[in-house]
Amino acid sequence: MTSNQDKKPLAFHGTIIHSKDLTTIQIHPNTLLLTDTTGKITLLAPNTPRDEINHHLPPSTPITYLPPTKFLIPGFVDTHNHAPQWSQRGMGRGKPLLEWLEKVTFAHEAKFKDPEYARSMYTSCVEGFLKQGITTASYYGSRHGEASRILGEVCVEKGQRAFVGKCNMHRNAPDWYRDESAGESLRETGEFIEAVRRIDDGEHGLVTPILTPRFAITCDEEVLDGLGKMAEQNPDLPIQTHFNEAEAEISFTKELFPTFDTEADLYEKFGLLNNRTILAHSIFLQESEMKRLRELDCGVAHCPIPNTTMGVFMVAPVREYLRRGIKVGLGTDSGGGYSSSMLEVMKQAFMVSTARHTMSGGKDEVLSVAECFYLATMGGARVMGLEGRVGNFEVGKEFDALVVDVDVDGVMAPVEEEDSPEDVLEKFLMTGDDRNIGQVYVKGRLVRG
């Protein structure tokens, strides 16, 4: 990993595209963007003629001129991802959630007990996501503390910004794939947190440990209480869990915790709902839960691909969340989701919103291109509490960016002379793939391309 001292300032001139709000995409042609040696953006100057560029450049700063066929966009933010499921993507289609876990997932994740296997698979995983332009990811690891630490090491080595969590799961999982006890689950979590903090002690500023109760079904009150105390004692720690994902999961949770009316009540009781919490799926929320999520400023990781391919077509009320001001980002949920591409997730989010529009009798509007793009970038950054650091190209933020090339051999719709910049962006978002992502930058460092 390159240290800040080894970094050089960057300069780009050309078309730069980002979002500052949910409904508007800002497309800036002939724009100059500069970064400093720490990877932070120091200048964003739209409509800067080429003959004026040198007035802004620090001495010896190389500049990249983007031709008309290329443009810059922010890196994609994946708010929900299972790193140990990288090689099982696409398996188990049509199975209900709990059956899929028992018959496909737990057996696969158990293999991460082997550190060599974990390092090999996680290297492939992180490289694969960077190739697809995911510069920031919130990862669930396996239940193994050592393997999850290795995932953190790989993220630092490859230069990906990430939250990394060791799954807490000591019940309602096979004997051969669960924590030995509640006490052991908490002890290993504490050791994992300290290990990840040592891996990225501030020099790189990329990897953060995250508290990760897999879901309430695999944790008892002792574990949830212990994790809540960790969250209280460590206000820098984010939290993630699966939340109201499937009707069978919700029913089972109520059987295990009969004194709680809702999952929101349960997690709040144990101190696990706050503005650092990422709630994956969030499909079947009650009115009281939506109100509480807004009041506590929790974030929702919307995962439209697995929600519609896991045996039941489930449609999260994303428009209602946005209407209420609840933070929403997108998640691949790979491998519950068969695709690890944020471009695919954006397309599926659009299709799911169309289904919701039909189901609501037109009440819930279809997500626009601008909204899907926002959710994949700035929206995800807000869900992860990183909106002050990444998500768009505002001055002072860290330079996480993709150089998109629309003139490569691939399947993207051809760009024609009469196409506007808005047309070209929509063609990329709806028909492009990783072949159109030429270079990937994280915190000012070229990590792919």
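Residues numbered from 1 in each chain as written. Predicted model: local features only at pLDDT ≥ 70, side-chain atom pairs only at ≥ 80, totals over all residues. Heavy atoms only, no water.

Under an unreviewed UniProt entry, the name given to the chain is Guanine deaminase, and the organism recorded is Aspergillus wentii DTO 134E9. The UniProt entry for the chain carries the following text under Pathway (unreviewed entry): "Purine metabolism; guanine degradation; xanthine from guanine: step 1/1." A UniProt comment under Function (unreviewed entry) is attached to the chain, and it reads "Catalyzes the hydrolytic deamination of guanine, producing xanthine and ammonia." (UniProt positions renumbered as here; feature names shortened; annotations may be inferred.)

J.: Account for the domain arrangement of the chain, naming residues and giving values.
T.: Domains assigned within the chain are domain 1 (10-74 + 391-448) and domain 2 (76-384). If you average the C-alpha positions of domain 1 and of domain 2, the two centres end up 30 Å apart. Between domain 1 and domain 2, the residue contacts involve 32 residues of the former and 28 residues of the latter. Surface buried jointly by domain 1 and domain 2 totals about 2,500 Å² across both partners, of which 67% is contributed by carbon and sulfur atoms. Per-residue buried area on domain 1 facing domain 2 is highest for Leu 22, Leu 429 and Arg 448; these three make up 24% of the total on that side. The tally of links from domain 1 across to domain 2 stands at three salt bridges. (Domains from an automatic or database assignment. Contact = heavy atoms within 4.5 Å. Buried area = accessible area lost by both parts, 1.4 Å probe. Salt bridge = Lys/Arg side-chain N within 4 Å of Asp/Glu carboxyl O.)

J.: Please give an account of helix 2 (residues 115-131) that cites residues and values.
T.: Structural remark: α-helix, 3.6 residues per turn; residues separated by three or four positions point the same way. Between its terminal C-alpha atoms helix 2 stretches 24 Å, which fits the 24 Å expected from 17 residues at 1.5 Å a residue. Along helix 2, the residues classified as buried are Ala 118, Met 121, Tyr 122, Cys 125, Val 126, Gly 128, Phe 129 and Leu 130. Summarising the contacts, the buried residues of helix 2 are in contact with strand 6 (76-82), strand 7 (134-140), helix 3 (145-158), strand 17 (437-442) and strand 18 (445-448). Measuring from the backbone nitrogen of Glu 116 back to the side-chain oxygen at the start of helix 2 gives 3.0 Å, which picks out Asp 114 as the cap. A positive phi of about 85 degrees marks Gly 133, the residue just after helix 2. (Helix = DSSP H or I, 4+ residues; strand = E, 2+ residues; numbered from the N terminus. Expected span 1.5 Å × (residues − 1). Buried < 20%, exposed > 50% of the residue type's maximum accessible area, 1.4 Å probe, protein only. Polar contact = N/O pair within 3.5 Å; in protein donor to acceptor, adjacent residues only side chain to side chain.)

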